[in-house]
Amino acid sequence: MDWIYKVKTPCYVIDKARLIKNLEILRGVERATDCNILLAQKAFSMYELYPLIGEYISGTAASGLYEARLGREEMGGEVHVFSPAYKDGDFAKLTRICSHIVFNSLSQWERFKDKMPGDISAGIRINPEYSEIQTELYNPCCKGSRFGITSKLWEGADLTGITGVHFHTMCEQNSDTLEKTLNIVLDKFGSRLNEFKWVNFGGGHHITREDYNIPLLERCIKRITDLGLRVYLEPGEAIALNAGFLVTEVLDTLYNDMSIAIVDASAACHMPDVLEMPYTPSIIGTNEKGGYRFRIGSNTCLAGDIIGDYSFDSPLKAGERLVFTDMAIYTMVKNNTFNGVPLPSIAVLHENNEIEMIKEFGYNDFKQRL
């Protein structure tokens, strides 16, 4: 891994070979089931790679105008958008960009249905009121959720003009969770599915994880296609799962009841999910049985900007490089410049082990965000 010394830290590095491996799995699901898989850009928006991704899957899913425009300009194919509520000015622009627009409520549909061009497919989001997500921050079916219409509104709703149904209830989960969710969706909403043309299973499907049950996913898809409906899936993480790294440098080491290493990457700035989920990302070369335990912290003023505690076979020293894994997803899309911390550069690791620097950031990138 000599390439880790060819980049200026901090730096996100996307492993192209691993990305292609994921894409081949997703294309296999598309071909086996005749479903359509979309890149959920909220997880991964590195548009330099959109032409490559577009060779394998059907298009993009967006959460608003900017993502929709990015998907249309950089990948093409189908462009789906869902937002809890649309602004008038944005909606007019979305109708010139999107192939599918999903509405969160009946009131939003009533507000905009007369402004929908005939060549755009309209969808409605439903809330099955069932989810196995344990972290409430990420649970779209929690009590009081603002997402989707429940079965209480479903039976009597005037859905004339709606051509599809969308639900999203999962986060980093396997297809057994989808199967149970689909059972509930069919029980609560199945009576009217014959009125529509497609069903979108949303995101949260960890399809490219090693233990993921793809045959079960394909059976779930077939349950819907057997009803004469097209199926869409919007995985974000599965596209670039385990396909990215964050390379950082040790700036200093110190001791205060334990060994501490300060690095030039930040959980708060560069990998916010470490603090939000929370979780501890893996570092290449660590060893739980190693004799040197270090707390890895950032070079910011936030006391809680701690990435995690790790064991190594030898003590860390200033100037060493550390490589965090699975850093393609929910990193670049969520990073920030708190404390004036520089944004990481973005690079691609090609199959021949050569590094291509895609983008570097400087002072003006920090200043122009303020």
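In this report, we go over the structure that sits alongside the text. (Residues numbered from 1 in each chain as written. Predicted model: local features only at pLDDT ≥ 70, side-chain atom pairs only at ≥ 80, totals over all residues. Heavy atoms only, no water.)

This part is about the overall build of the protein chain. Counting secondary structure elements, the protein chain contains twelve helices and 16 strands. Relative to its length of 370 residues, the protein chain is compact, with a C-alpha radius of gyration of 22 Å against a globular reference of 21 Å. Expressed along its principal axes, the backbone C-alpha trace of the protein chain runs to roughly 65 × 45 × 45 Å. Relative to its full complement of 370 residues, the protein chain shows a buried share of 54%. Summarising the internal contacts of the protein chain: among those between residues at least 6 apart in sequence, 68% fall at separations of at least 24. Total accessible area on the protein chain stands at roughly 16,800 Å², and carbon and sulfur atoms take up 47% of it. Placing the 38 positive and 49 negative side-chain charges of the protein chain at their respective mean positions leaves the two points 4 Å apart. (Helix = DSSP H or I, 4+ residues; strand = E, 2+ residues; numbered from the N terminus. Rg over C-alpha atoms; globule rule 2.2 N^0.38 Å. Buried < 20%, exposed > 50% of the residue type's maximum accessible area, 1.4 Å probe, protein only. Contact = heavy atoms within 4.5 Å. Areas by Shrake-Rupley, 256 points an atom, 1.4 Å probe, with all protein chains shown as cover. Lys, Arg positive; Asp, Glu negative; His and termini not counted. Charge placed at Lys NZ, Arg CZ, Asp CG, Glu CD.)

What the eight strands build is a closed barrel, ordered β2-β3-β4-β5-β6-β7-β8-β9; its pairing is parallel. In this sheet, adjacent strand axes meet at a mean angle of 25° when their direction is disregarded. Taken together, the four bridges between strand β5 (residues 100–103) and strand β6 (residues 121–125) define a ladder with parallel strand orientation. The residue of β6 that forms the bridge with Phe103 is Ile124. (Pairing = 2+ DSSP bridges. Axes fitted to C-alpha atoms, helices over the stretch in contact; angles between N-to-C directions.)

The subject of this paragraph is the nonpolar core. Ranked by internal contacts, the top residues of the largest apolar core, which has 95 residues, are Phe44, Ile53, Ile101, Phe103, Phe201 and Ile296. Sequence-distant contacts of Phe44, defined by excluding residues within four places in its chain, comprise Ile14, Leu39, Leu49, Tyr50, Ile53, Ala240, Ala328, Met332 and Val333. (Core = buried A, V, L, I, M, F, W, Y, C linked by side-chain atoms within 4.5 Å.)

This part takes up unusual backbone geometry. For the peptide bond that leads from Thr9 to Pro10, omega is -10°, which places it in the cis range. Topologically, Pro10 is positioned in the segment before β1 (11–15). In this model, Met277 is joined to Pro278 through a cis peptide bond whose omega is -10°. Here Pro278 shows up in the loop between α11 (273–276) and β12 (292–298). Phi at Tyr330 takes a positive value of approximately 50°, unusual for a residue other than glycine. Along the chain, Tyr330 turns up in the loop between β14 (321–325) and β15 (345–349). A positive phi is found at Asn339, a non-glycine position, where the angle reads about 70°. Within the fold, Asn339 resides in the loop between β14 and β15.

Turning our eyes to something else, we now look at the side chain of His206. Secondary-structure assignment places His206 in the loop between β8 (198–200) and α8 (214–225). At 2.8 Å, the side chain of His206 and the side chain of Glu237 are in polar contact. With residues near it in sequence (within four places) discarded, His206 still touches Glu172, Gln173, Tyr212, Glu237, Ala238 and Leu241. (Polar contact = N/O pair within 3.5 Å; in protein donor to acceptor, adjacent residues only side chain to side chain.)

A grouping of Leu275, Leu302 and Phe338 is seen on the molecular surface, where their side chains present a nonpolar patch of about 230 Å² in accessible area. Considering the arrangement of structural elements, one finds Leu302 in the loop between β12 and β13 (306–312). (Patch = residues over 30% accessible without salt bridge, like charges linked within 9 Å, V, L, I, M, F, W, Y side chains within 5 Å. Salt bridge = Lys/Arg side-chain N within 4 Å of Asp/Glu carboxyl O.)

Turning our eyes to something else, we now look at the pairing of strand β16 (residues 355–359). Bridge count between β15 and β16: four bridges; the pairing is antiparallel. In the sheet register, Val348 faces β16, and the bridge partner there is Glu356. Where β15 folds back on β16, the antiparallel hairpin that results is connected by five residues, among which Asn353 adopts a positive phi of roughly 75°.

Turning our attention to the state of the cysteines. What the rule picks out here adds up to zero disulfides. Note on Cys35: no disulfide assigned, nearest cysteine sulfur contributed by Cys220 at a separation of 12 Å. Free of any disulfide, Cys269 has its nearest cysteine sulfur in Cys301, 9.2 Å distant. (Disulfide = S-S within 2.5 Å.)

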